[in-house]
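# Understanding the architecture of this molecule
Spelled out, the chains give:
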Amino acid sequence: NAGVTQTPKFQVLKTGQSMTLQCAQDMNHNSMYWYRQDPGMGLRLIYYSASEGTTDKGEVPNGYNVSRLNKREFSLRLESAAPSQTSVYFCASSDGLAGPQYFGPGTRLLVL
Amino acid sequence: QKEVEQDPGPLSVPEGAIVSLNCTYSNSAFQYFMWYRQYSRKGPELLMYTYSSGNKEDGRFTAQVDKSSKYISLFIRDSQPSDSATYLCAIGNEKLTFGTGTRLTIIP
């Protein structure tokens, strides 16, 4: 089992460019999450999907969109990247909304 | 007041020492308490998970929850250099709130 996988591992964008971060899990989990991690701020929830077909905003959703493509895959899109979106992005999944979450290896994004 | 507060450290202790890591939280309704370990440039890895209250032990690691004080702890016995990492607490119900992490270094 690979667990939670994320692509790409690292990306550099120019301000205004768009990109999609991909996430997949093979644990048959119902819920999936996108977080960003910044120094001194901890992990902050961007969007989550409680189950296939549903998505909801988290703490910091502005500038992002998500798609729950199927039970396995949950993507995060930046339509017009800004330097403030420079961060490390983590995808996570869990069996249900309550309970332990399992994280992917992260995507390091630099917006110039 | 933040929902979850964690001392950022850094914390340096000699190999073999007992390490105590702590978090406080503000919402008495929280029922799920977790500790994650994160090595540099890696994703957080679930270390300990407790539902409701009490203690849980797994090898050298012990997690404690004191709901009356809204305080959780992670103890590491016989600490090893491989325990050097950032430790994150996560607390909540349907959504988790993460502490900012404590950076721990075990000195050989």
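Quick notes on the rules
Residues numbered from 1 in each chain as written. Chains lettered and ligands numbered in written order. Predicted model: local features only at pLDDT ≥ 70, side-chain atom pairs only at ≥ 80, totals over all residues. Heavy atoms only, no water. Pairing = 2+ DSSP bridges. Helix = DSSP H or I, 4+ residues; strand = E, 2+ residues; numbered from the N terminus. Disulfide = S-S within 2.5 Å. Buried < 20%, exposed > 50% of the residue type's maximum accessible area, 1.4 Å probe, protein only. Phe/Tyr/Trp six-rings, centres within 6.5 Å; stacked < 30°, edge-to-face > 60°. Patch = residues over 30% accessible without salt bridge, like charges linked within 9 Å, V, L, I, M, F, W, Y side chains within 5 Å. Areas by Shrake-Rupley, 256 points an atom, 1.4 Å probe, with all protein chains shown as cover. Salt bridge = Lys/Arg side-chain N within 4 Å of Asp/Glu carboxyl O. Axes fitted to C-alpha atoms, helices over the stretch in contact; angles between N-to-C directions.

## Looking at the pairing of strand E5 (residues 45-51) of chain B
All names here are of chain B.
- Bridging between strand E4 (residues 32-38) and E5 involves six bridges; their strand directions are antiparallel. Paired with Met34 across the strands is Tyr49, a residue of E5.
- In this antiparallel pair of consecutive strands, E4 and E5, the connection spans six residues, and Arg41 shows a positive phi of 65°.

## Here we look at the state of the cysteines
- Within the structure shown, the criterion is met by two disulfides over all chains.
- Two residues, Cys23(A) and Cys91(A), share a disulfide whose sulfurs are 1.9 Å apart. Taking the torsion about the S-S bond as the criterion, the Cys23(A) to Cys91(A) disulfide, at about -70°, is left-handed. In this pair, Cys23(A) is assigned in strand E3 (residues 19-25) and Cys91(A) in strand E9 (residues 87-94), connecting sequence segments 68 residues apart.
- Residue pairing for Cys23(B): its cysteine sulfur links by disulfide to Cys89(B), the two sulfurs lying 2.0 Å apart. In this structure the cystine formed by Cys23(B) and Cys89(B) twists about its S-S bond by roughly -100°; its chirality is therefore left-handed. Taken together, the residues Cys23(B) in strand E3 (residues 19-25) and Cys89(B) in strand E9 (residues 85-92) connect sequence positions 66 residues apart.
- With a relative accessible area of 1%, Cys23(B) lands in the buried category.

## Focus on unusual backbone geometry
- For the bond from Thr7(A) to Pro8(A), the omega torsion is -5°, close enough to zero to count as cis.
- Along the polypeptide, Pro8(A) turns up in the loop between strand E1 (4-7) and strand E2 (10-13).
- Although it is not a glycine, Arg41(B) adopts a positive phi angle of roughly 65°.
- When you line up the elements, Arg41(B) lands in the loop between E4 and E5.
- Assessed through its relative accessible area of 60%, Arg41(B) is described here as exposed.
- For Ser52(B), which is not glycine, the phi dihedral falls at a positive 70°.
- Its place among the elements puts Ser52(B) in the loop between E5 and strand E6 (54-58).

## Some words on the packing of aromatic side chains
- Counted according to the given criterion, the structure contains 13 aromatic pairs over all chains.
- Ring geometry for Phe103(A) against Tyr36(B): centres 5.5 Å apart, planes inclined by 90°, an arrangement best described as edge-to-face. A residue pair is termed interchain when its members come from two chains, as with Phe103(A) in strand E10 (residues 102-103) and Tyr36(B) in strand E4. Pair check on accessibility: Phe103(A) and Tyr36(B) agree, each one buried.
- Ring geometry for Phe103(A) and Phe98(B): centres 5.8 Å apart, planes at 80°, overall edge-to-face. Separated into two different chains, Phe103(A) in strand E10 and Phe98(B) in strand E10 (residues 96-98) make up a pair that spans both.
- On the accessibility criterion, Phe103(A) (11% relative accessible area) is buried.

## Considering a nonpolar patch on the surface
Residue and element names in this part refer to chain A.
- Together, Phe10, Val12, Leu110 and Leu112 give the surface a local cluster of nonpolar side chains, amounting to about 360 Å² of exposed area.
- By the secondary structure assignment, Leu112 is in the segment after strand E11 (107-111).
- Under the relative-accessibility criterion, Leu112 is labelled exposed at 57%.

## Some details on the sheet that holds strand E7 (residues 64-68) of chain A
Residues and elements named next belong to chain A.
- Strand order in this open sheet of four strands is E1-E3-E8-E7, and the pairing throughout is antiparallel. Strands with a single pairing partner mark the edges of an open sheet, and in this sheet they are E1 and E7. Strand-to-strand, the axes of this sheet are offset by a mean angle of 20°, without reference to chain direction.

## Overview of the sheet that holds strand E7 (residues 61-66) of chain B
Residues and elements named next belong to chain B.
- On the basis of which strands lie adjacent, the open sheet formed by five strands has the order E1-E3-E8-E7-E6 and antiparallel pairing. Of all strands in the sheet, those bounded by a partner on one side alone are strand E1 (4-6) and E6. Sheet twist, expressed as the average angle between the axes of neighbouring strands with direction ignored, equals 15°.
- Note that E7 and strand E8 (residues 71-76) share six bridges and pair antiparallel. For Phe61, the partnering residue across the bridge sits in E8 and is Ile76.

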